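Working through the structure, step by step
Here is how the chains run, residue by residue.
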Amino acid sequence: MGKCLILGGAGFLGSNLAQKLVAEGETVRIFTRPGSSTSNIQHILDRVELIYRDFMDDVALRNATQNIDTVYHLISTTFPSMTMESSVYDLMSNLLPTIRLVEACLANGVRKIIYASSGGTVYGKPALLPIPQEHPLVPTSAYGQSKLTIENYLNFYARSTSLHISVLRIANPFGPSQKMLGVQGIVAVAMGCAYYGRPLNVYGEGKAVRDYIYVDDVIDAVFLAAAHSGSSVVNISSAVGSSVMDIVRAVEEISGRTIVKRFIPDRPGDVEVNVLDNCKAKQLYGWSPKTTLREGLRKTWEHISQGPPA
């Protein structure tokens, strides 16, 4: 894969990817925002190049992409729960920097970009389950619309330049190193509530169904996307749906702890069911998920129990 740049390499997906790249003997450069924690990559800091810069800094992006073959774009400055009021900030902090990133990659001879998109939000309300690649793209949230717009720009560059771009529409990833005190990722948040004894906010009645995929399987897909020739857009998913309350009950059972639930009104823009078809990833990459939901939850709780948790 040559020399790699991971944008967001100290975060959840980025740190797991960095660990695997280092273990495979790859040369890794990590780009992360100033002041961000490096606890997830503490044990590999002596084997990576670490750059603290802002994603909106185009000079920093030009410098970071020098002598790089593959860029893993895992940075996002917004979350699905952020409202329409964040749209201008999202444009300035996600879309424009991504365009500048592509321009920097073209100027510096980067071979490939792998972009972590959102399979959970770009499709909108499903007309068919599991959701195939060919499903209409009608996001119901500003977050999903932003991800789709970035996808469209990347696909344009893939068509019109020599740069190869792989867009991975990732379902709901979970696993070790995901923030338990964050605002995204029901598995991590529920485990944080079990660990610390905090109440868990549950939207509606917890009936929303999502597709959960263990982080090791996501990273395997990222590797295969980087090695795949040409450009592609694929769903990365388990293709199995579980409700929020299914997750909460499973976390309680695995942890042996009861979680206090606080039921609150549904969020606008959320769809009731989102389960993704992953046949294209199997066809193009020869990829399929290996970790069941139950096994992934058990591994994640074991990691947390070793403490101190992130």
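Residues numbered from 1 in each chain as written. Predicted model: local features only at pLDDT ≥ 70, side-chain atom pairs only at ≥ 80, totals over all residues. Heavy atoms only, no water.

A word on helix α4 (residues 142–160)
Compared with an ideal rise of 1.5 Å per residue, which puts 19 residues at 27 Å, α4 spans 27 Å between its outermost C-alpha atoms and is within 8% of the ideal. Turning to α4, its buried residues number three or more, namely A142, Y143, G144, S146, K147, L148, I150, E151, L154, Y157 and A158. (Helix = DSSP H or I, 4+ residues; strand = E, 2+ residues; numbered from the N terminus. Expected span 1.5 Å × (residues − 1). Buried < 20%, exposed > 50% of the residue type's maximum accessible area, 1.4 Å probe, protein only.)

A short note on the packing of aromatic side chains
Following the criterion strictly, the structure yields four aromatic pairs and no others. A ring pair is formed by Y195 and W301, whose centres lie 6.3 Å apart and whose planes are at 65 degrees; its orientation type is edge-to-face. Here Y195 is found in helix α5 (residues 186–196), whereas its partner W301 is found in helix α9 (residues 293–306), with 106 residues between them in sequence. According to the relative accessible area criterion, Y195 is partly exposed, its value standing at 27%. For W301, a relative accessible area of 8% puts it in the buried group. Against the face of F223 rests K20, its NZ or CZ located 4.8 Å from the ring centre. Sitting over the ring of Y195, R257 keeps its end group 5.7 Å from the ring centre. (Phe/Tyr/Trp six-rings, centres within 6.5 Å; stacked < 30°, edge-to-face > 60°. Lys NZ or Arg CZ within 6 Å of the ring centre and 35° of its normal.)

Notes on the environment of D69
Here D69 shows up in the loop between α2 (58–64) and β4 (70–73). Taking the relative accessible area as the measure of exposure, D69 reaches 31% and is therefore partly exposed. It is 40 Å that separates the C-alpha atoms of D69 and V251, two residues lying 182 residues apart in sequence.

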